[in-house]
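Chain by chain, the residues:
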Amino acid sequence: MSLKNESSVAEFVLLGLSSEPGTRTILFISFLIIYVTILIGNLLIITVTTTDKSLQTPMYFFLTNLSLMDICVSSTSVPRMLKDLLSVKKTISYAECVAQMYISLSVGECECILLAVMAYDRYIAICYPLHYAAIINRSACIRIAIGNWICGFLLSICHIMLTININLCGHNEINHFLCEVPELLSLSCENILLVESVIYVVGVLILIIPVCFICMSYTRIIHNILKFSTLAGQKKAFSTCASHMMVVIMFYGSAMAVYMKSRSTASPDIDKIITIFYFIITPILNPLIYTLRNKEVKTALKKL
């Protein structure tokens, strides 16, 4: 792509999480352990759900996709962050910066849609069990998954094309540990109200609407559980719903806090902490909350 920013900015300088050597060493060890845990946990889920015949159901099919997305989204940011924590020179080329933004944003948007699909899957399974096999069948799952990945990667093109065409006026210091759309917008030296407005509208489509859909699904699920379950069953269901909603609030809430606000209210230090939640904390929590607490998965892991 021959874009105007490439003539003025050939590379960016990532300021990272800290400039203190001692703090950087602690952060490196901590995030290395977390990243390895993310890889092991999610790869275990993918392996066990694809090899165990008892887990060949729509719910575990979607969980396999979620684990794959968690590996992808953390791998776009954490390895680069670990490298920079040990480096003196923290530069990233213009092309690498754009690639990092595009892949992380695309996979993040795929996950936004998938979490809503998973909530709908549980809603149909609990509220309409007799119709579940007809509505959520294998071919439907595959079509939903393919459509989800395509939508995520197409929608993110809108963000990226708007971002890479803003005028940076030679500014190349990014006060963050990775390249993200809001961070590049903060370097702009021109009026970007239109860009922010478009990003806000896309944010409503990809964040607000799925959250509303998830809340509606879980409200119906809880209502159904209260009518038919025993007290023990209600407690178990509420525990599961509460843990799922915790992930939803953490993931969507942190994404909204970064993407759905104006440049004037942005705080780089706070944004770094918020970014850690949806790039690092959520990928390590998803295997624990969605699968490793499940008896079927525990049994399959023991077999494996």
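Here is what the cut-offs are and how they apply
Residues numbered from 1 in each chain as written. Predicted model: local features only at pLDDT ≥ 70, side-chain atom pairs only at ≥ 80, totals over all residues. Heavy atoms only, no water. UniProt positions renumbered as here; feature names shortened; annotations may be inferred. Core = buried A, V, L, I, M, F, W, Y, C linked by side-chain atoms within 4.5 Å. Buried < 20%, exposed > 50% of the residue type's maximum accessible area, 1.4 Å probe, protein only. Helix = DSSP H or I, 4+ residues; strand = E, 2+ residues; numbered from the N terminus. Contact = heavy atoms within 4.5 Å. Disulfide = S-S within 2.5 Å. Salt bridge = Lys/Arg side-chain N within 4 Å of Asp/Glu carboxyl O. Pairing = 2+ DSSP bridges. Axes fitted to C-alpha atoms, helices over the stretch in contact; angles between N-to-C directions. Parallel < 35°, antiparallel > 145°, perpendicular 65-115°, else oblique. Left-handed = near helix turned anticlockwise from the far one by under 90°. Nonpolar A, V, L, I, M, F, W, Y, C, P; charged D, E, K, R; others polar.

The name given to the protein in an unreviewed UniProt entry is Olfactory receptor, with the source organism recorded as Engystomops pustulosus. The Sequence similarities (unreviewed entry) field of the UniProt record for the protein holds the comment "Belongs to the G-protein coupled receptor 1 family." Looking at the protein in UniProt, the text filed under Subcellular location (unreviewed entry) is "Cell membrane".

(A) View of the nonpolar core. In terms of nonpolar packing, the biggest core is built from 88 residues, with F12, I214 and Y252 touching the most fellow members. When residues of this core are assigned to their parent elements, the largest contribution, 18 residues, is made by helix 5 (residues 94–127). Not counting the four nearest positions on each side in its chain, I214 is found in contact with L115, A116, A119, M245, V248 and Y252.

(B) Geometry of the state of the cysteines. Under the criterion given, the structure shown has one disulfide. Here C97 connects covalently by a disulfide to C179, the sulfurs 2.1 Å from one another. In this structure, the disulfide formed by C97 and C179 twists by about -120° around the S-S bond and is classed as left-handed. In this pair, C97 is assigned in helix 5 and C179 in the loop between strand 3 (173–174) and helix 8 (181–185), connecting sequence segments 82 residues apart. Of the two residues, C97 and C179, both sit in the buried class. For the unlinked cysteine C212, the closest cysteine sulfur is that of C215, found at 6.6 Å. With a relative accessible area of 40%, C212 lands in the partly exposed category.

(C) Seen up close, the UniProt feature "transmembrane region" (unreviewed entry) in the protein. UniProt annotation of "transmembrane region" (unreviewed entry) refers to residues 26–48, 60–79, 99–120, 140–162, 192–216, 237–260 and 272–292 when read in the numbering used here. Structurally, residues 26–48 is divided into 100% helix and 0% strand, and its ends, taken at the C-alpha atoms, are 33 Å apart. End C-alpha to end C-alpha, residues 237–260 measures 32 Å, and it is 96% helix and 0% strand.

(D) A look at the pattern of salt bridges. All chains considered together, the criterion is met by five salt bridges. D84 is paired through a salt bridge with K83; the nearest N and O atoms lie 3.9 Å apart. Here R122 makes a salt bridge to D121, at a shortest N to O gap of 3.0 Å. Through salt bridges that share partners, R80, K83, D84 and E96 make up one connected network.

(E) The sheet that holds strand 2 (residues 91–93), seen in detail. Here three strands make up an open sheet; going across it, the order is 2-1-3 and the pairing mixed. Only two strands of the sheet have a single partner each, and these edge strands are strand 2 and strand 3. Examined bridge by bridge, strand 1 (residues 11–14) and strand 2 share three bridges and lie antiparallel to one another. The residue of strand 2 that forms the bridge with V13 is T91.

(F) Spatial organisation of the packing of helix 5 against helix 7 (residues 138–164). Following both chains from N to C, one finds helix 5 and helix 7 inclined at 140°, their axes separated by 8 Å at the closest point. When the axes of helix 5 and helix 7 are compared, the pair comes out oblique. Of the two possible hands of crossing, helix 5 and helix 7 adopt the one that is right-handed. Partitioning the contact of helix 5 with helix 7 into residue classes produces 18 nonpolar, six polar and one charged.

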